[in-house]
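What the coordinates show
Residue-level listing of the chains:
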2 protein chains.
Amino acid sequence: MKELVQGLLRGEERALARAISLVEDRDPRAKELIERAFPHTGGAYRLGITGPPGVGKSTIVDRLVPLLQESHGRTAILACDPSSPFSEGALLGDRIRMRGIDQREGVFIRSMATRGALGGLARATHEAAFLLEAAGFELIIFETIGVGQAEVEIVEAADTVVVVLTPQSGDAIQAMKAGLMEIADILVVNKSDQGGADAALQNLESALSLSSRDWRPPVIRAAAEDGEGIPELAKALARHRQYLEGGPLLERRRGRLRAFLKRIIAEELERQLWDERGLEALNGKVEALLERRAGPHQVAEEILREIGR
Amino acid sequence: MKELVQGLLRGEERALARAISLVEDRDPRAKELIERAFPHTGGAYRLGITGPPGVGKSTIVDRLVPLLQESHGRTAILACDPSSPFSEGALLGDRIRMRGIDQREGVFIRSMATRGALGGLARATHEAAFLLEAAGFELIIFETIGVGQAEVEIVEAADTVVVVLTPQSGDAIQAMKAGLMEIADILVVNKSDQGGADAALQNLESALSLSSRDWRPPVIRAAAEDGEGIPELAKALARHRQYLEGGPLLERRRGRLRAFLKRIIAEELERQLWDERGLEALNGKVEALLERRAGPHQVAEEILREIGR
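Just so we're clear, the structure is a prediction, and the values are computed from it rather than from any experiment. (Residues numbered from 1 in each chain as written. Chains lettered and ligands numbered in written order. Predicted model: local features only at pLDDT ≥ 70, side-chain atom pairs only at ≥ 80, totals over all residues.)

Turning to the overall build of chain A, a few remarks are in order. Along its length, chain A carries 14 helices and seven strands. The buried share of chain A, reckoned over its 309 residues, is 48%. (Helix = DSSP H or I, 4+ residues; strand = E, 2+ residues; numbered from the N terminus. Buried ≥ 20, exposed ≤ 12 C-beta atoms within 10 Å, placed from the backbone.)

Written out as structure tokens, the structure reads:
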């Protein structure tokens with residue numbers, strides 16, 4: 001453990017990769033690892049990029065990274081696919097191999113996956129970000145495939161959240177319905193060369209005009225394949241970072257740590273709950289439920305009373 | 001509430017739709033609703049159908065339902081898309097409108113979505129199944145889009161789980177990696193007219209031959225668009241149901257109720273945890289974390305001590 005932490009703090013990629021695996025696998029040593037790394041965290045700027053499948057998030061990231069690296073330094077990409085451990089192995093692997101930036105100096109790319117409980121991926125990703133910070137990375141990009149609750153939890157680890165859409169298929173309207181607008185700091189309408197971009201931009205702008213938020217998210221027209229819109233995105237990111245550093249960043253980070261604490265406390269409590277005595281009470285009461293002698297909420301209360309909670 | 005429960009128990013679709021909405025929205029009245037409905041549950045055969053996007057799950061369900069209805073009676077389909085509240089509104093809506101079986105007598109179709117915490121959809125789906133049973137449905141089909149942890153939790157509410165794959169894109173190998181084989185009672189290789197089916201079937205069969213499970217999942221070759229393989233699937237379902245009713249069904253249902261109890265107890269505990277006093281302790285301690293004076297696990301322990309857990 002001591003060696004692993006030392007390697008991590010020296011920024012060695014092998015130690016880092018191993019440390020992230022411990023976190024992903026929920027190894028018992030992960031806890032100590034996080035505690036030891038934690039004093040060295042907090043130094044990175046964190047960028048979240050999300051949006052539906054197929055909108056071109058990876059292309060945007062690939063084009064963006066060279067522009068950001070100059071001002072931000074050592075960069076890491078955490079590619080997360082919470083919707084599908086199924087596709088993770090091959091799909092992400094292939095995508096990562098295909099990426100031009102993989103071999104570039106100073107860019108660390110890692111796909112994140114867990115097969116544990118729901119919410120496990122968000123926790124592992126948050127912890128991996130701590131490890132990256134301890135290893136001296138200055139820019140961490142969370143790239144999530146798909147947009148759902150799991151992705152929202154993942155990008156909550158970011159300082160700035162970029163939501164990528166396309167003009168096609170009513171993405172914009174769907175984004176509003178799904179509450180994506182509430183988490184977006186910057187919106188990108190990608191593939192804008194494929195038609196319908198004007199209407200999509202207009203829809204988004206008018207939806208945003210109703211918001212009373214302090215920061216009004218800019219909407220950027222892009223065609224990332226041709227590099228179009230990428231410099232504008234980089235500028236918007238710089239502006240948002242400046243805005244954050246003028247005050248809101250501290251509150252955002254406080255909220256983030258609060259959410260992380262709530263998560264690990266809930267997990268710890270659940271672990272304690274289902275000790276031998278807890279499981280005995282549970283198994284004793286489940287028969288009443290199976291025979292429909294009582295309802296689930298009544299039985300739940302009885303179990304909690306029995307184990308003195 | 002009394003009227004709603006009465007309508008539900010009489011099998012009225014309006015009452016049922018409203019009851020499911022209460023569960024989806026986590027309305028405070030949902031708890032009482034479940035308690036009242038619960039004595040009338042347990043009567044349906046539950047079928048889960050899952051697999052990656054685009055493999056043809058909906059087509060299979062559409063073709064299968066007329067065959068099952070004769071022997072099973074009143075049928076309900078719960079279509080769940082945990083990976084994406086984003087696409088839910090329009091996509092599922094469109095799909096449901098397009099389905100021929102929508103208008104058929106005795107088939108109730110409902111798309112499930114929640115915007116709450118992770119795991120919320122699985123809970124809402126399990127509770128919706130209780131409501132359907134109370135309303136007298138005899139066959140409940142859980143159809144989930146995508147395959148991930150959320151989907152696995154959803155199909156855990158099923159008696160029989162059908163995993164649908166295609167010969168393309170190494171689905172079979174990925175399914176094994178993702179642990180899908182462990183939850184599958186029946187495997188369907190759909191779109192088998194598109195080539196590569198023989199190899200896919202062979203791969204799956206040889207993977208299954210390594211399993212020491214009591215029930216050896218049959219692998220069915222299908223082309224659902226042409227109705228091919230659907231009668232075979234119906235037969236396999238009947239065989240699995242017969243197998244279950246010879247003994248394992250009770251254990252499966254016991255395990256399911258146990259998991260449901262664990263979930264509602266964990267949620268109740270978390271609700272209790274973050275009362276005024278809990279939140280005060282949390283907010284007081286988060287500053288130590290923000291200033292890196294302590295690690296998250298140390299702080300979590302301090303909070304638990306402070307609120308006497």
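All right, on to unusual backbone geometry then. Residues and elements named next belong to chain A. One non-glycine residue, arginine 26, lies in positive phi territory at about 50°. Take arginine 26: it is sitting in the loop between α2 (13-24) and α3 (30-37). Assessed through the 16 C-beta atoms surrounding it within 10 Å, arginine 26 is described here as partly exposed. Look at lysine 191: it is not a glycine, yet its phi comes out positive at around 55°. Within the secondary structure, lysine 191 sits in the loop between β6 (186-189) and α10 (197-208). You can call lysine 191 buried: it has 23 C-beta atoms within 10 Å.

We now examine the pairing of strand β2 (residues 75-80) of chain A. All names here are of chain A. Among the six residues of β2, six are classified as buried, and the element is accordingly described as predominantly covered. Because side chains alternate across β2, one face comprises the buried residues Thr75, Ile77 and Ala79, and the other comprises Ala76, Leu78 and Cys80, equally buried. The sheet contact formed by β2 and strand β3 (residues 107-112) spans six bridges and is parallel. Residue pairing across strands places alanine 76 opposite phenylalanine 108, the latter belonging to β3. Sheet topology places β2 next to strand β4 (residues 139-144); six bridges connect them, and they run parallel. Along β4, the bridge assignment pairs alanine 76 with isoleucine 140. (Pairing = 2+ DSSP bridges.)

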